[in-house]
Amino acid sequence: MPTGSGSAIPTVLIENERVRVTEWRFKKRGDNTGWHRHAYDYVVVPQFDGALEIDLGHGRKTTSEMRSGVPYFRQRGVEHDVISANDFECSFIELELL
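Computed from a predicted structure; not experimentally measured. (Residues numbered from 1 in each chain as written. Predicted model: local features only at pLDDT ≥ 70, side-chain atom pairs only at ≥ 80, totals over all residues. Heavy atoms only, no water.)

1. Concerning the pattern of salt bridges
Think of it this way: side chains of opposite charge can pair up when their charged atoms draw near. In plain terms, the rule: Definition used for salt bridges: Asp or Glu carboxyl oxygen within 4 Å of a side-chain nitrogen of Lys or Arg. A run of H or I in DSSP becomes a helix once it reaches four residues, and a run of E becomes a strand once it reaches two; helices and strands are each numbered from the N terminus. The rule is simple: take the accessible area with a 1.4 Å probe, protein chains only, and divide by the maximum for that residue type; under 20% is buried, over 50% is exposed, in between is partly exposed.
Enumeration over the complete set of coordinates arrives at 9 salt bridges. Between E15 and R20 there is a salt bridge, and its shortest N-O distance comes to 3.0 Å. A salt bridge links K27 to E89; the shortest N-O distance between them is 3.7 Å. Here K27 is found in the loop between β2 (19-26) and β3 (36-37), whereas its partner E89 is found in the loop between β8 (79-84) and β9 (90-97), with 62 residues between them in sequence. Assessed through its relative accessible area of 47%, K27 is described here as partly exposed. Here the salt bridges do not stand alone but share partners, grouping E23, R25, K27 and E89 into one network.

Right, dumping it as structure tokens:
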């Protein structure tokens, strides 16, 4: 999925013909996934209370508040770079619906 070189650490936990489940770990503030476009619908489950900065490109950025265990859904086609806005190590689980 990622097309840019990010500093966050992806670990694929499950991958089969129906789903891909990846843990994204951010060791420190500023770690990022790298610029990417989602080819599939997906669900994210944060494993922390805090915030992520979302770079949408063309100078547009937003901050999203995360609540541990509270999932959110996005449709395929989303393009962004996800950046930790926290002063602590954090992670989220991403479930792609293949």
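2. Remarks on the packing of aromatic side chains
Operational definition: To pair, rings of Phe, Tyr and Trp, with the six-membered ring standing in for Trp, must have centres within 6.5 Å; the planes then decide the type, stacked if under 30 degrees apart, edge-to-face if over 60, and tilted in the middle.
Evaluated as defined, the whole model comprises 2 aromatic pairs. Here the aromatic rings of F48 and F88 are separated by 6.3 Å at their centres, their planes lie at 65 degrees, and the arrangement is edge-to-face. Of the two residues, F48 is situated in the loop between β4 (41-46) and β5 (50-57) and F88 in the loop between β8 and β9; the sequence distance between them amounts to 40 residues.

3. Structural notes on unusual backbone geometry
Positive phi outside glycine occurs at H58, with the angle close to 55 degrees. With respect to the helices and strands, the residue H58 is situated in the loop between β5 and β6 (60-66). For H58, a relative accessible area of 81% puts it in the exposed group.

4. Topic: the sheet that holds β2
Where we set the bar: Think of it this way: DSSP has to see at least two bridges between two strands before they count as a pair. To get an axis, a line is fitted to the C-alpha atoms, and for a helix only the part in contact is used. The angle between two axes follows their N-to-C directions and goes from 0 to 180 degrees.
Pairing is antiparallel across the open sheet formed by 5 strands, whose spatial order is β1-β2-β9-β4-β7. Unpaired on one side and paired on the other, β1 (9-15) and β7 (72-74) mark the two borders of the sheet. Ignoring strand direction, the axes of neighbouring strands in this sheet form an average angle of 25 degrees.

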